Structure formats: C-alpha cells, structure tokens
Amino acid sequence: MEEIRQMAQYSPEGIENKWYKAWEKDGLFAPDETLEADPFVITLPPPNVTGILHMGHCLGNSIQDVLIRWARMRGRPALWVPGMDHASIATEQVVSKQLAADGINKHDLGRDGFLEKAWDWKNHTHDRIAQQIRRLGCSLDWEREAFTMDDERNEAVKNAFIALKKKDLIYRDVYLVNWCPHDQTAISDDEVEHKEKEGSLWHLRYPFAEGEGHVTVATTRPETMFGDVAVAVHPEDPERMHLIGKEVRLPLTERTIPIIGDHHADPEKGTGFVKITPAHDPNDFEVGRRNDLPQVICMTPTAEMNSEAGQFEGMDRYECRKATVKAMDELGLLDKIEKNIHQVGHHDRCGHVIEPYLSKQWFLRMDDLAEPARAAVKDGEITLFPERWVGVYNNWMSNIRDWCISRQLWWGHRIPVYYCDECGFEMASGEAPAACSQCNCANLTQDEDVLDTWFSSWLWTFSPLGWPQNDEELKKYHPTSLLVRAADIIFFWVARMVMASYEFMDEKPFSEVLFTGIVRDEKGQKMSKSLGNSPDPIDLIDTYGADALRCSLVMLTPTGQDIFFTESTLEVGRNFCNKIFQATKLVLTAWDEAGLPAEAWSDAVPPRTLNFSDMGDAYDYDDEPGRLVADMWAGVFGGDLAVSISNEDLTLEDRWVLSRLLQTVAEANDNMDKRRLNDSAYSVFNFFRHEFCDWYLEATKPRMRDSDNQGVSLSIAVLVLGVSYKLLHPLMPFITEELWSWLPASKGYLMTSSYPVLEDEAPFKKSFEDFEEVKELVNVVRNVRNELGVPPGKRGLAILRVPQESEIAPMQNVSSLVALLAKMETVDVICGGEDPSPAGVGVCGTVEIFLPMKGLVDLEKEKARLEKELGKLEGWMKGCRAKLGNKKFTDNAPDHVVQQQKDLLAENENKATTLADRIKALGS
C-alpha cells in the first residue's frame with residue numbers, strides 16, 4: 001500500500017519493461033497446448049528490415065495483440081508468430097546508399113561482399129525493430145521467430161519455385177516489364193504507383209517515304225520515337241485504310257517504317273495514327289506481337305539513349321525529350337503542342353518514373369492459381385472486414401495478369417535455376433547440380449537474378465510453421481485464424497497468400513482478413529519512414545507509455561477507416577491510464593484503512609473460463625443480489641468474499657453498477673466477435689471512466705468511510721476493478737497487469753486469467769432503470785446550478801415536485817442520493833403547491849425541479865447578469881428584424897440564408913422571453 005500512496009499519478013516507467021520480461025521469462029507467449037479449444041493463430045505481417053516501425057505498424061500490431069490476448073483469455077491456445085521481411089529492393093537501396101556515402105560502389109565489393117554488408121544491416125535493424133515490438137507489448141511467441149531469408153524459409157521458397165516450374169506455371173520470356181532505371185530492376189504491376197501529372201502531348205509529322213505529305217502522330221514521350229517500328233491505323237478506317245502498306249520516314253533517323261492496320265488504333269481518338277514502339281509501350285508490345293514487328297530498344301537500362309537515337313546517344317531520357325522536340329521543330333515536323341493531364345507510373349519504393357522496357361524475365365502464370373482464391377471469398381470460406389473490400393478483391397482477381405517474379409538485385413532469394421555453360425540447358429534445383437543432365441558438363445552457372453520479395457512473403461501463413469517439413473505443426477496451427485493488414489497491399493500480399501495456400505496446402509490460409517485504415521498525418525499524408533513524417537514509436541512510448549499509445553490508436557480508429565494522427569491524440573490514452581490508477585488508488589486506500597485483508601485469503605483457483613451466464617442456473621440473481629456478488633467474486637478471484645454480504649446490503653447504486661458491468665461484458669465480447677475493436681474498447685472505456693468513476697464511486701464514497709457499510713461497497717468496487725482489468729487487458733496490458741497484482745484477492749498473471757463472458761441479459765433491470773432516472777435528475781440539477789452560476793462548493797435546497805402523491809415515497813428513497821451526486825444540502829419531494837420563487841427551474845420527465853435562489857446565489861448580482869444578457873439579445877433581435885424588413889435583403893439573399901435568419905430570430909425571441917421571466921421571478 002505504501003507504493004500506491006506514494007504515486008501521485010500513474011507512471012509507466014519501469015512497469016512496462018518489468019512485466020514484459022516476466023511474461024516472456026515464464027513462457028506465457030507460447031500457446032497453452034493443454035487447452036482443448038481450437039487454436040487462435042496469427043502470423044505477424046513481417047515488417048521490412050529497413051529501419052524503424054512507423055505508426056501504421058503500431059496500429060496493426062496493437063490490433064493483432066488485442067485479438068491474441070483476448071483469444072488467450074477466452075481459453076484458446078493462442079499463437080502469434082513473429083517474423084521480419086528481407087525487403088529486397090528497399091534493403092538493397094539502403095545498403096547501397098550507405099556504401100556510396102563511404103565512397104564504395106557495390107559492384108566494387110562484388111556480390112558476396114555486398115551480401116555480407118546487407119546481412120550486417122539486417123542484424124542491426126532486426127534488433128531495433130524487435131525492441132520496438134516488445135516495447136509496444138506485443139505477446140509474440142519469440143521462440144518461433146522467422147525471417148523470410150533464413151535457411152528454413154529459403155528452402156521453402158526453392159521448394160515452391162521448383163514445384164511451380166514442374167507444373168509449367170513458371171516460365172522465362174522476353175517481355176515488356178516495368179523497369180526502374182534508378183534501382184536497375186524489373187518490378188511488378190502492383191509496385192507501380194500511378195500519379196497524375198501535367199505534361200504535354202506533342203503532335204509530330206512523319207513524312208511519307210515516297211511522294212509528298214505526312215502522317216501526324218501524337219505522343220507524350222517523344223524520346224521513344226527512336227524505337228518506333230510502325231505507324232498503325234484502324235483497318236476499317238475509311239479515311240486512312242488506303243495508306244496501309246505505305247512507308248514513312250522516321251525523322252532524325254535513316255530508317256523507314258510501315259503503316260499497318262491494327263484495331264489498337266482508334267479513328268475517333270487523337271490523330272487516328274498511332275506510333276508503334278513495341279520495346280517501350282505495353283500496348284505497342286501486343287501490337288508488335290500480332291503483326292510480327294521487330295522490337296527496337298532505344299534506351300539503356302539506366303534510361304539513357306543508346307545508338308538507335310543517333311545524335312542523341314548518351315543523353316538522359318528527359319534531356320533527349322527536349323532535344324528531340326527542338327530538332328523536330330527546326331525541321332518543320334512539330335505540328336503542335338497540347339497540354340495534357342495523364343497518369344505517370346512511379347516505382348513505389350524509390351519514387352522514380354518507371355520505364356516500360358523489353359527484358360528477359362521470369363514470370364508466374366496466375367490464371368489457374370487465381371480460381372480457388374476467387375471462390376474462397378465468394379463462397380464465404382474467407383471473410384473480409386470491412387465488406388467493401390470484397391469488390392476490390394474480386395475485380396483484381398478477375399483481371400489478373402502474369403506476375404513478373406524476377407528482380408535484377410543481389411539481396412534476396414537467388415533464383416534456383418542453373419544453366420549449362422556448354423549446351424545452355426537450364427535446370428531448376430534446390431542445390432547446384434554436379435553436372436548438366438543433358439551433356440554431363442560440370443560447368444554450370446546459377447541465374448543471377450533474385451525472386452521478388454513477395455514470392456517469399458506469399459508463403460507466410462505456412463512457411464513459418466515449418467512447411468514443407470513440419471507436418472505436425474502445420475496440422476495443428478494451419479489454417480491460421482486471421483490476417484490483420486492495411487488494405488494498400490491487398491494485391492501485393494493478401495490475394496497472393498490466398499493463392500499460395502490453396503496451391504501448396506490445398507486449404508485456405510486464414511478464415512478472416514481484417515483491413516485496418518491508414519495512419520495519416522495532419523495533412524492527410526500516409527505516415528511512413530520514407531516521408532519522414534512518422535515519429536519513432538519508442539519516443540512516444542517513452543513519453544506516454546505503451547498502453548496510452550495502444551488505447552488511443554485502437555479506440556479512435558473505426559474498423560477499416562483512416563486515422564489522422566497527431567501527438568495530442570495520445571492524451572486520451574494517457575489520461576485514461578491515470579484515471580484507472582486514481583480509481584484503484586482510491587478503492588485500495590479505503591480497503592487498507594478499513595483493515596480488510598491485504599493479501600489473498602483463499603487458495604482457491606479461479607476457473608480458466610469465466611462465463612457469468614453459467615453461474616445462476618439454480619436461482620434468480622434479481623432476488624439474490626448478494627449471491628451474485630459472491631459468485632462473481634469466486635469466478636474472478638477464486639474463493640470467498642472477505643466480508644459477508646446479504647441480499648439487503650446491496651444499494652440501488654450497487655445493483656446498477658453490477659448490471660452495467662455485466663452489460664459491458666456482453667458489449668465488449670459482441671464487438672470483438674464482429675471485429676469492431678474500437679467499439680469494444682470504447683464500451684469498456686465509457687463504463688469505467690464515466691459510469692464506475694463518475695457515478696458509482698461518487699455515490700459510494702460515504703459508504704466506503706462508514707465502518708458499518710464499507711465492507712460491502714469496497715468488495716463490490718474491488719470486484720468491478722478486477723472485471724474491468726480483465727476487459728481492458730487485451731488493449732492495455734501493462735497497467736492492468738500491474739494493478740491486478742495490487743488487488744488483495746488476485747492470483748497469478750492477469751494475462752493468462754479468464755476473460756469474462758455474458759450470454760444472457762444482465763440482471764437488475766429495474767435497478768438499472770431507477771438509477772438511470774437518478775442520473776437524469778442529477779444532470780438537470782447540475783444544469784440549473786450552472787445556469788444560476790452557483791459556485792461548486794455552495795450547497796443548498798433542491799425541491800422535486802412530482803405529479804402524483806404515489807410518486808413521493810419512491811422519489812424520497814433516492815432523494816439523499818440525488819443530493820449527494822448533485823452536491824446539494826438537501827432534496828425535498830413535494831406534490832402540488834405554488835412554484836417556489838425566486839428559483840432556478842428544470843424539468844426531468846414529469847418531475848419539476850426547483851432550486852430556491854435565496855442563500856444559494858446573490859440575487860442582485862444574478863439579476864444584473866440576466867438583464868445584461870437580455871439587453872444584448874434585444875439589440876441583436878432589433879438588427880435582425882431590420883434586416884428581415886429590408887426588401888433588398890429578402891429579395892436578393894438565397895432562400896436558405898433568409899430562412900436561417902428567421903429561425904435564429906424565433907429561437908432568440910424564446911430565449912428573451914425565458915430571460916424576462918427569470919428576471920421577473922427575482923423581484924424588483
């Protein structure tokens with residue numbers, strides 16, 4: 001108790017680290033395999049090993065931990081598998097930049113030397129990220145931690161690749177890909193971020209090879225004209241089809257190119273002529289294939305012009321663009337320039353504009369893989385929250401394209417394909433073959449490329465569980481229960497995981513996907529490491545505490561909706577932590593002063609599951625409230641109460657708070673079941689902060705100090721604290737574990753105790769309704785006090801006038817409670833009679849409330865205040881009437897503006913009447 005008394009307010013310093021170490025040391029993060037219920041399993045979306053976590057991670061990880069802790073307390077073997085992602089492109093960027101800062105080019109180090117540096121970086125950042133996750137309170141089973149490039153996952157990736165290649169689902173082809181000139185690698189369609197840009201549409205003239213005249217083509221990328229191999233017109237275009245077969249000169253080169261007929265050209269769009277550049281445009285690539293056209297590459301992989309560009313060779317693409325337009329203008333071949341708003345593809349990692357580029361890459365056929373994944377969501381095997389994402393998912397799956405899975409990088413899973421140096425035969429193998437299976441040559445070279453990062457991540461629900469070797473773990477914990485992730489990677493990862501699981505496991509990867517919103521800054525930008533607008537979570541935890549951070553993020557973020565985060569947001573959680581602490585301190589100090597037991601007085605162990613609906617089968621708690629308290633106490637703490645409680649000992653407020661507590665238990669579980677975590681959190685927050693603290697503790701404080709009654713009220717208060725800690729623990733694990741350990745009757749860890757459940761209606765419905773009426777009466781009295789300007793410490797008489805004589809006795813039964821909560825000296829109950837005057841007046845249903853002013857307020861001062869307020873109001877009304885009487889205003893102002901003025905006038909006229917009546921009541 002001395003420790004509690006010395007703390008003026010709650011401080012998480014030291015407490016959070018203490019409990020996390022204790023939980024981890026005692027193995028509480030591992031699933032309890034003695035339990036018979038179905039496991040609840042989540043695999044952590046692996047953060048990239050490229051620095052620190054951002055606020056989006058904090059939100060997602062908090063939500064996952066809430067669900068894991070809730071399931072664990074509900075008696076399920078709960079497994080949350082940790083892991084991190086190697087993040088090929090991002091990590092290679094970071095390490096390359098660090099080397100460059102030291103004057104080192106990665107190519108000077110060579111592949112092995114660079115990988116050594118990359119592993120050093122991974123090990124450094126891994127420890128930092130793991131520390132951030134621990135500081136947040138995430139109850140991950142660290143003994144099962146996986147990394148997407150560790151030995152086990154490397155074997156899984158090679159196994160998946162070889163299996164898919166054997167089924168001819170993986171193939172290699174020269175294809176037009178999204179090429180990042182900055183990172184020197186191909187990227188998938190899903191890694192391209194399209195941004196709206198204002199550019200130009202240049203209309204260029206291509207002269208006929210023979211005779212006079214020209215055709216005009218329009219392009220947003222003039223520099224690609226050096227890769228043109230044809231000009232297309234629609235084959236049924238009556239104005240242009242006669243030109244099919246003719247040739248035009250390609251300006252600034254010595255080449256001629258044909259005019260062809262292809263349906264890609266639209267006679268109604270642009271000039272009707274389309275320049276065809278198969279090596280630099282995805283639509284033109286398809287036209288080229290259909291028409292057997294050559295593929296001319298006019299740029300290098302760094303987006304500099306090559307020899308095909310003639311005099312412009314060596315120029316950057318944008319420098320060449322300017323030079324090309326200038327040259328065409330000088331030749332009289334620039335027809336016109338139009339402003340043009342269009343979408344430009346950028347690499348979502350580095351932000352550079354991507355270049356459609358012809359390259360030999362590895363691809364994965366997706367159509368066959370997509371079919372079971374489409375059916376899983378359609379048939380309800382997998383549920384998406386919120387439901388609006390089902391349409392987005394289905395649309396992408398219905399328009400899926402083959403996945404470019406190779407990347408021109410060093411950091412990543414090297415493609416397990418070997419080429420014979422002698423005959424060129426290719427072999428897919430988990431280990432380097434001893435010799436070529438075709439010609440027996442021993443000189444083999446492994447493919448230089450690595451696999452797309454997502455090729456390892458799409459195996460993430462089963463590879464961390466030991467696939468393909470560990471059948472026992474997989475049978476026990478797969479499919480997993482739930483995936484929690486922001487919807488921005490629904491295509492990158494979520495859909496691909498569904499496909500991978502059906503392909504390799506022949507079952508769904510998870511039953512549910514809970515999409516979180518995006519955490520944005522005040523400007524609406526997504527918080528991220530790359531933008532530098534996300535604070536370090538460790539700094540926030542050091543300042544506010546992990547519980548405050550978790551509480552604020554989860555409670556203020558509706559399912560699937562974005563949150564606009566500012567640091568002031570965390571005040572909600574910090575203030576609530578302090579409120580929980582202060583309420584606990586108040587109750588336990590009173591408990592100690594009452595001489596009640598300081599430690600558990602019973603060895604009885606509380607049950608592993610706590611269903612309040614299973615306790616009262618043999619009796620009705622409405623008739624035996626004392627029995628309810630005893631049964632709830634045994635369920636929460638084990639053993640008997642410290643004091644004897646009879647049915648008559650419970651007051652109205654006791655029965656009300658127990659009813660509201662049990663209603664909150666039901667609400668919290670119902671919202672958790674529906675994955676409305678913010679509503680679940682708010683229901684407990686609202687009960688504890690506004691009902692238990694603001695109403696019950698205020699109502700019961702006198703009893704806590706009364707030696708004849710304090711045992712009952714304190715026992716109920718401790719019971720409410722115990723149940724509230726259980727309800728709050730998944731959201732706020734540290735403070736609740738600490739305060740649970742302070743409770744005199746608590747045993748063991750709160751983390752592995754039972755989460756309360758209620759499946760029936762809460763008892764004491766009549767008491768609940770009666771106390772709610774008391775609250776309404778008190779609120780009206782408080783409002784009248786505020787209107788009269790009564791000082792907070794000033795007490796006086798309140799009169800409640802009821803319409804029927806029969807209502808006097810019931811109202812008198814609660815009059816002392818109303819007086820206590822409304823801070824009045826006494827409350828009288830009457831029926832009929834004259835209105836007390838002068839008095840403040842309020843109404844609550846059929847009850848009239850009077851606060852006689854004499855002795856409560858300074859009558860002259862109050863009269864002067866009201867007269868001043870009335871004078872201001874009359875001045876405003878005079879001006880408003882003049883405005884409404886002005887025909888110029890009423891004829892020219894919008895109808896809604898005129899009506900608004902009329903409504904305001906009517907409202908203020910009523911206010912003026914009320915003020916005049918109150919002034920009159922005060923006398924002359």
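What you see is a predicted model, and the numbers here were worked out from it, not measured in a lab.

A.B. asks: Can you walk me through the packing of aromatic side chains in this structure?
C.D. replies: Each pair of aromatic rings is reported with the distance of its centres and the angle of its planes. According to the stated counting rule, one finds 35 aromatic pairs in the structure shown. Summarising the aromatic geometry, the rings of Trp695 and Phe771 are spaced 6.5 Å apart at their centres and angled 85° between planes, so their arrangement reads as edge-to-face. Highlighted residues: Trp695 in helix α19 (residues 677-704) and Phe771 in helix α22 (residues 765-788), separated in sequence by 76 residues. For the pair formed by Trp695 and Phe771, the shared burial category is buried. A network of ring pairs unites the aromatic residues Phe161, Trp362, Trp403, Phe455, Trp458, Phe462, Trp467 and Phe504 as a single cluster. Here the guanidinium or amino end of Lys106 rests over the ring plane of Trp410, the centre of that ring lying 5.2 Å away. In this structure, Arg496 packs its charged tip against the face of Trp403, placed 3.9 Å from the ring centre.

A.B. asks: So what exactly am I meant to see when it comes to helix α7 (residues 282-291) here?
C.D. replies: In an α-helix there are 3.6 residues to a turn, and that puts residues three or four apart on one side. Turning to α7, its buried residues are Asp284, Phe285, Val287 and Gly288. Buried residues of α7, viewed axially, fall in a sector of 165°; they line one side. Among the structural elements, β5 (170-180), β11 (256-261), β12 (274-276) and β14 (355-364) are those in contact with the buried residues of α7. For α7, the side-chain oxygen to backbone nitrogen distance between the N-cap and Asn283 is 2.9 Å, and the N-cap itself is Asp281. In the segment just after α7, Asp292 is the residue with positive phi, at about 55°.

A.B. asks: Before we go on, may I ask you to explain the pairing of β14 in this structure?
C.D. replies: Looking along a regular strand, one sees side chains alternate from face to face of the sheet. Among the 10 residues of β14, nine are classified as buried, and the element is accordingly described as predominantly covered. Taken together, the 10 bridges between β5 and β14 define a ladder with antiparallel strand orientation. When the bridges of β14 are listed, Asp173 appears paired with Gln361. By the bridge criterion, two bridges tie β14 to strand β16 (residues 403-404) in an arrangement that is antiparallel. When the sheet's bridge partners are listed, Leu364 is paired in β16 with Trp403.

A.B. asks: I keep staring at the sheet that holds strand β19 (residues 426-428) and nothing clicks. Help me out?
C.D. replies: Strands pair in a sheet through their backbones, by hydrogen bonds, and they do so in one of two ways: parallel or antiparallel. Across the sheet, which stays open at both edges, the three strands sit in the order β19-β18-β20 with antiparallel pairing between neighbours. Looking at strand neighbours, the two that pair on one side only are β19 and β20 (444-446), the edges of this open sheet. Between one strand and the next, the sheet's axes are offset by a mean angle of 30°, whatever the strand orientation. Note that strand β18 (residues 417-420) and β19 share three bridges and pair antiparallel. If you follow Val417 over to β19, its bridge partner there is Ala428.

A.B. asks: Any chance you could explain the nonpolar core here in plain terms?
C.D. replies: Within soluble globular proteins, side chains that are nonpolar tend to cluster in buried spots. The biggest cluster of nonpolar side chains holds 179 residues, and the ones touching the most others in it are Phe612, Met632, Leu658 and Phe692. Take this core: its biggest share by element is 13 residues, from α19. With residues up to four places along the chain from it excluded, the contact list for Leu658 reads Leu628, Val629, Met632, Leu650, Ile716, Leu719 and Phe764. In terms of nonpolar packing, the next biggest core, distinct from the first, is built from 59 residues, Ile415, Trp460, Trp467 and Leu483 among them.

Cut-offs used in this document
- Along each chain, residues carry numbers from 1 onward, in the same order as the chain's sequence is written.
- Local features in this predicted model are restricted to residues of pLDDT 70 or higher, and side-chain atom pairs are both shown and tallied only at a pLDDT of 80 or more, whereas totals for entire chains, interfaces and linings draw on every residue.
- To get the side-chain values, take all heavy atoms of the structure and skip hydrogens and water.
- The rule is short: rings of Phe, Tyr and Trp, with Trp giving its six-membered ring, pair when the centres are within 6.5 Å, and they are stacked under 30 degrees, edge-to-face over 60, tilted in between.
- Numbering goes from the N terminus for both helices and strands, where a helix is a DSSP run of H or I of at least four residues and a strand is a run of E of at least two.
- Summary of the burial criterion: residues with accessible area below 20% of their type's maximum are buried, those above 50% are exposed, and those between are partly exposed, where the area comes from a 1.4 Å probe applied to protein chains only.
- Any Lys NZ or Arg CZ found within 6 Å of a ring centre and within 35 degrees of that ring's normal is scored as a charge over the ring.
- Starting at the helix axis, one direction is taken to each C-beta atom, and the arc is that of these directions.
- By definition, residues are in contact when any of their heavy atoms lie within 4.5 Å.
- A 3.5 Å cut-off defines polar contacts: any pair of N or O atoms within that distance qualifies, except that in protein one atom must be a possible hydrogen donor and the other a possible acceptor, and neighbouring residues in sequence count only when both atoms are side-chain atoms.
- Pairing between strands is defined by DSSP: at least two bridges between the two strands are required.
- Here an axis means a line fitted to C-alpha atoms, over the contact stretch when the element is a helix, while the angle between two N-to-C directions is reported on a 0 to 180 degree scale.
- For our purposes a nonpolar core is just a set of buried Ala, Val, Leu, Ile, Met, Phe, Trp, Tyr and Cys residues, chained together by side-chain atoms within 4.5 Å.

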